[in-house]
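# Architecture and fold: a report
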Amino acid sequence: MASVRLFFTLISFVFLISTSVSESKVLDPPHVAESFNVSLIQKLGNTCAYTVIISTSCSSTRYTRDQISVAFGDGYGNQIYAPRLDDPSTKTFEQCSSDTFQINGPCTYQICYVYLYRSGPDGWIPNSVKIYSHGSKAVTFPYNTYVPESVWYGFNYCNSASDSNVLAIGLRRSVIILLGFVVAGTTLLL
């Protein structure tokens, strides 16, 4: 009886650990990309379509004359660059609005980084960038902060995402092995 109680206690513990490891996501704030270079962006290979939705913060200026560009990609070097998304004549990047862009570029795996580039006098403030890609889940990058002028500014979760997945997979495998020993021991006792 005690071994059955131990077994169920271990199963509950495994469930709690695996759930907390797989669901915990610590988001770092956006940062300046020190070594990001758009000249390294690939221009060869298959072309895929991406939908990028950029929401402008309600804290931003009413409209902007800033020039806005975006670059994003995966952890395997596949990168997409879209220069000059801004267009004041169409009211792009107005305060409290969302703008949708269809961008073509090299096919990627899961998008894990995005950088915005802003040049101009207005100090545009994005709220978020959401990217839909072929065969991958949509990913949202929460900015809601001022983008410094003339630098690539954003998020890179490529390494941190793979590190946390490796940790979660390793932990699950260890727990499964431990459960195997517990079940084998319980069976021998009965």
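On a predicted model such as this, the values are computed, not experimentally measured, just so you know. (Residues numbered from 1 in each chain as written. Predicted model: local features only at pLDDT ≥ 70, side-chain atom pairs only at ≥ 80, totals over all residues. Heavy atoms only, no water.)

## Quick look at the state of the cysteines
Heads up, the condition is: By disulfide we mean two sulfur atoms from cysteines, separated by a distance within 2.5 Å. By definition, any uninterrupted DSSP run of H or I lasting at least four residues is a helix, any uninterrupted run of E lasting at least two residues is a strand, and each is numbered from the N terminus. Here's how the labels work: a residue is buried when its accessible area is under 20% of the maximum for its type, exposed when over 50%, partly exposed in between, all with a 1.4 Å probe on protein chains only.
This model, assessed by the stated rule, comprises three disulfides. A sulfur-sulfur separation of 1.7 Å characterises the disulfide bridge that pairs cysteine 48 with cysteine 107. Taking the sign of the S-S torsion, 80° for the link of cysteine 48 and cysteine 107, the bridge is right-handed. Taken as a pair, cysteine 48 in strand 2 (residues 47-56) and cysteine 107 in the loop between strand 5 (98-106) and strand 6 (113-119) lie far apart in primary sequence, 59 residues in all. Using a relative accessible area of 22% as the deciding quantity, one classes cysteine 107 as partly exposed. Here cysteine 112 connects covalently by a disulfide to cysteine 158, the sulfurs 1.9 Å from one another. Its torsion about the S-S bond being 85°, the disulfide of cysteine 112 and cysteine 158 is classed as right-handed. Taken as a pair, cysteine 112 in the loop between strand 5 and strand 6 and cysteine 158 in helix 2 (residues 158-189) lie far apart in primary sequence, 46 residues in all. In this pair, the class of cysteine 112 matches that of cysteine 158, namely buried. With cysteine numbering restricted to those in disulfides and following the sequence, the chain has the pairing 1-4, 2-3, 5-6.

## A word on the pairing of strand 3 (residues 67-73)
Going by this rule: Being paired, for any two strands, means DSSP has found at least two bridges between them.
Burial runs high along strand 3: six of the seven residues are buried. In the sheet, strand 3 pairs with strand 6 via seven bridges, with the strands oriented antiparallel. Bridging across to strand 6, valine 70 finds its partner in leucine 116. With four bridges connecting them, strand 3 and strand 4 (residues 79-82) associate as antiparallel partners. Directly across from phenylalanine 72, in strand 4, lies its bridge partner isoleucine 80. Linking two consecutive strands that pair antiparallel, namely strand 3 and strand 4, is a turn of five residues; a positive phi of about 90° is found at glycine 77 within it.

## A few points about the side chain of asparagine 78
Applied cut-off: Counting of polar contacts relies on pairs of N or O atoms within 3.5 Å, with two restrictions inside protein: one atom must be capable of donating a hydrogen and the other of accepting it, and residues adjacent in sequence are counted only when both atoms are side-chain atoms.
Note that asparagine 78 resides in the loop between strand 3 and strand 4. At 2.8 Å, the side chain of asparagine 78 and the side chain of aspartate 74 are in polar contact.

## What about the sheet that holds strand 5?
Picture the strands of a sheet paired through backbone hydrogen bonds; they go either parallel or antiparallel. Operational definition: Helix axes are fitted only over the stretch in contact, all axes being lines through C-alpha atoms; the angle between N-to-C directions runs from 0 to 180 degrees.
Spatial ordering of the open sheet is given by 5-2-7-8, a layout of four strands whose pairing is antiparallel. Where the open sheet ends on each side, the last strands, each with one partner, are strand 5 and strand 8 (139-142). Within the sheet, the average angular offset between the axes of one strand and its neighbour, ignoring direction, is 20°. The sheet contact formed by strand 7 (residues 126-132) and strand 8 spans four bridges and is antiparallel. Counted as the bridge partner of lysine 130 is threonine 140 from strand 8.

## A look at the nonpolar core
In a soluble, globular protein the nonpolar side chains are often hidden away together inside. Cut-off, in case you're wondering: Take the buried Ala, Val, Leu, Ile, Met, Phe, Trp, Tyr and Cys residues and link them wherever side-chain atoms come within 4.5 Å; each set so joined is a nonpolar core. Contacts are assigned to residue pairs with any non-hydrogen atoms lying within 4.5 Å of each other.
Formed by 26 residues in total, the largest nonpolar core has its most connected members in Ile54, Phe72, Val114, Ile131, Phe141 and Tyr143. Elements represented by at least two residues in this core include exactly strand 2, strand 3, strand 4, strand 5, strand 6, strand 7, strand 8 and strand 9 (152-156). A total of four residues in this core trace back to one element, the largest contributor, which is strand 2. Ignoring any residue separated from it by four or fewer positions in sequence, one finds valine 114 in contact with Val70, Ala71, Phe72, Val129, Ile131, Phe141, Tyr143, Tyr153, Gly154 and Phe155. Grouped together as the second largest cluster of nonpolar side chains are seven residues, Ala71, Cys112, Tyr113 and Tyr115 included.

Fair warning: the whole summary comes from geometry, so function is off the table for now.
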